[in-house]
Amino acid sequence: RYMKRQVACRGDIDSLNAPMLAIYESLIPAEEEMAKQKQLLALLEKIVCKEWPEARLYLYGSCANSFGFSKSDIDVCLTIADADTNKSEVLLKLADLLQLENLQNVQALTRARVPIVKLMDPVTGISGDICINNVLAVVNTKLLRDYACIDVRLRQLAFIVKHWAKSRGVNETYQGTLSSYAYVLMCIHFLQQRRPAILPCLQGMKTTYCVNVDNIECAYFDQVENLFGFGSHNGESIAQLIWGFFSYWAYCHDYANDVISVRTGTILSKRTKDWTRRIGNDRHLICIEDPFELSHDLGRVVDKYSIRVLREEFERAAEIMQYDPNPCVKLFEPY
Ligand code: ATP
Ligand code: MG
């Protein structure tokens, strides 16, 4: 198997546990902030149900998957039957209703890849986006949240990785780098692959949760309270895992042949996915399989320029974790 370089981690790695955990703690949203998000959701529900009594609202993305930082915007999905043929109309109507109820900065973006209405609530100060019938995002949000319940090291690792990516400017899909969703999947996969494993593969276990969304069957084991302690045979510390994550993406991942797959808990080959060549704008330079939309590579936004930026950032991070006297500052230095 391809292995460019394998290094043992620095002897004093565990001295980084406390400062890394302090950074993690500082990014967690406060209870009162979550309460305000719920309050805004309730207000939106009231507005929406007056017009469409059958409609439902769901939180998705970082405000609901447990990987959200303090002061993030909220992502809301409106489900409404038969809206798919006239999404723009529904969005424009929704924007009118929100404006009448005094929400601020209301804007319908009907031509975006994912059409949304943007809004800001002057009472709570929270901003958010509402999309329509994006049920797969609601379901993958639940999958991420369920994984986070199994071992706290996932949430800790993903917070540090997201914070690093935002600080270094590599969390910008419109510039060819990766989404937060992609980074969390990379963290889950990494913890599935540790030996002993820190996370199981929920989609490889007995089905206890199953929904059908746009003809995709989303099925997995969601009784995660029964899996608490799953990773306890592996005693790796958070600092070791952060080091291991960046070393993996800097030196060990086989970019030419491999696809990481949370669905199977393994690495697949690009050949079996038929992701070996560029088709349209999908170049498959870094391959991250979506857990439910199997033809969807979350690395498809990455182009030949941004793959270099990304890999250089992984190498920079791995080197800082290995050698720098003050990694907790250096890792997150603005680019
Ligand atoms: P952030 O803290 O950066 O706002 P986020 O968790 O909200 O992070 P985003 O990348 O903004 O992450 O995505 C929001 C949600 O939209 C994800 O949780 C996921 O459910 C869904 N999503 C985003 N990108 C994709 C994608 N390419 N394919 C499928 N679902 C996606
Ligand atoms: Mg978001």
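Residues numbered from 1 in each chain as written. Chains lettered and ligands numbered in written order. Predicted model: local features only at pLDDT ≥ 70, side-chain atom pairs only at ≥ 80, totals over all residues. Heavy atoms only, no water.

Draft legend 1. Fine view of the pairing of strand β3 (residues 104–109). The pairing of β3 with strand β4 (residues 116–120) spans four bridges and is antiparallel. Looking at β4, one finds that Leu109 is bridged to Ile116. From the end of β3 to the start of β4, which pair antiparallel, there are six residues. (Pairing = 2+ DSSP bridges. Helix = DSSP H or I, 4+ residues; strand = E, 2+ residues; numbered from the N terminus.)

Draft legend 2. Representation of the pairing of β4 in the model. Taken together, the five bridges between β4 and strand β5 (residues 127–132) define a ladder with antiparallel strand orientation. Directly across from Ile116, in β5, lies its bridge partner Cys131.

Draft legend 3. Here's a closer look at helix α3 (residues 87–100). With 14 residues, α3 ought to run about 20 Å at 1.5 Å a step, and its terminal C-alpha atoms sit 20 Å apart, in line with that. All of the buried residues along α3 are Val90, Leu91, Leu94, Ala95, Leu97 and Leu98. End-on, the buried residues of α3 take up no more than an arc of 165 degrees, which puts them together on one face. Facing away from the buried side of α3, by more than 90 degrees, are the exposed residues Glu89 and Leu100. Where α3 is buried, its residues contact α2 (31–51), β2 (74–79), β3, β4 and β5. In the segment just after α3, Asn102 is the residue with positive phi, at about 70 degrees. (Expected span 1.5 Å × (residues − 1). Buried < 20%, exposed > 50% of the residue type's maximum accessible area, 1.4 Å probe, protein only. Arc of directions from axis to C-beta. Contact = heavy atoms within 4.5 Å.)

Draft legend 4. Highlighting the domain arrangement of the protein. The domains assigned to the protein are domain 1 (13–27 + 151–330) and domain 2 (31–136). Between the C-alpha centres of domain 1 and domain 2 there is a distance of 28 Å. Between domain 1 and domain 2, the contact holds 15 residues from the first and nine residues from the second. Of the roughly 1,000 Å² buried where domain 1 meets domain 2, counting both sides, 73% is carbon and sulfur surface. Counting across the interface, domain 1 meets domain 2 through zero salt bridges. Our count for the domain 1 to domain 2 interface comes out at three residue pairs in polar contact (both at pLDDT 80 or more). Broken down by secondary-structure element, the contributors of at least two residues to the side of domain 1 that touches domain 2 are α5 (152–167) and β7 (216–220). Broken down by element, the residue count for the side of domain 1 that touches domain 2 peaks at seven residues, all from α5. Residues belonging to the side of domain 1 that touches domain 2 are distributed by class as follows: nine nonpolar, one polar and five charged. (Domains from an automatic or database assignment. Buried area = accessible area lost by both parts, 1.4 Å probe. Salt bridge = Lys/Arg side-chain N within 4 Å of Asp/Glu carboxyl O. Polar contact = N/O pair within 3.5 Å; in protein donor to acceptor, adjacent residues only side chain to side chain. Nonpolar A, V, L, I, M, F, W, Y, C, P; charged D, E, K, R; others polar.)

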